[in-house]
Amino acid sequence: MPALPLNIIFIIQNLISLRAVKRVPPVADLPPRPQLRPGKPIHRRAAAYVALVPALWAVWVVTGITTYLLT
């Protein structure tokens, strides 16, 4: 039953921290920045397909294990 007293302590600490956070002044507006170029779409980048190799390997391994266990 040590969870109940600890939860009460943590709730009180969070309420104290919330009061401190509410006293922080709002963020000042930043000057406008130039918009970045969008670049190539993801499906046209070679690095996007690098994740397919381990994913296909994992599917191959899982398929092999399940096939071995079911036979």
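Relevant structure appears above.
Below or above, wherever it landed, is the structure these notes cover. Predicted, not measured: the structure shown is a model, and the values here were computed from it.

## Focus: the overall build of the protein chain
What the protein chain contains, in helices and strands, is two helices and zero strands. Viewed in the frame of its principal axes, the protein chain has a C-alpha envelope of about 60 × 55 × 10 Å. When each of the 71 residues of the protein chain is scored for burial, the buried share is 0%.

## Here's the deal with a nonpolar patch on the surface
Side chains of L4, I8, I12 and I16 sit close together on the surface and give an oily, nonpolar patch of about 390 Å² of accessible area. Mapped onto the fold, I12 is located in helix α1 (residues 3–22). On the basis of relative accessible area, I12 is assigned to the partly exposed category, the value being 46%.

## Remarks on the environment of N14
You can see N14 is positioned in helix α1. For N14, a relative accessible area of 54% translates into the label exposed. For the pair N14 and L36, spaced 22 residues apart in sequence, the C-alpha separation works out to 39 Å.

## Let's talk about the environment of L70
Counting through the fold element by element, L70 comes out in helix α2 (residues 52–70). Sequence spacing of L70 and A3 is 67 residues, and the spatial spacing of their C-alpha atoms is 45 Å.

## A short note on the environment of V24
You can see V24 is positioned in the loop between α1 and α2. When the C-alpha atoms of V24 and V53 are compared, they prove to be 48 Å apart, with 29 residues separating the residues in sequence.

Criteria and cut-off values
- Throughout, residues of each chain are indexed from 1 in the direction in which the sequence is written.
- Local features in a predicted model are, by the rule used here, given only for residues with pLDDT of at least 70; side-chain atom pairs are given and counted only at 80 or more, and totals for whole chains, interfaces and linings are based on all residues.
- To obtain the side-chain values, all non-hydrogen atoms of the structure were included, while hydrogens and water were left out.
- A run of DSSP states H or I qualifies as a helix once it reaches four residues; a run of E qualifies as a strand once it reaches two. Both are numbered from the N-terminal end.
- Here the term buried applies to any residue with accessible area under 20% of the maximum for its type, exposed to any over 50%, and partly exposed to those in between, with areas from a 1.4 Å probe on protein chains only.
- Each patch is built from residues that are more than 30% exposed by relative accessible area and take part in no salt bridge. Like charges join if they lie within 9 Å; nonpolar side chains (Val, Leu, Ile, Met, Phe, Trp, Tyr) join within 5 Å.
- Under the convention used here, a 1.4 Å probe and the Shrake-Rupley method define accessible areas, while residue burial counts only the protein chains that appear.
- The term salt bridge refers to a pairing of a side-chain nitrogen on Lys or Arg with a carboxyl oxygen on Asp or Glu at a separation within 4 Å.

Everything listed here is a matter of geometry and, on its own, says nothing about what the molecule does.
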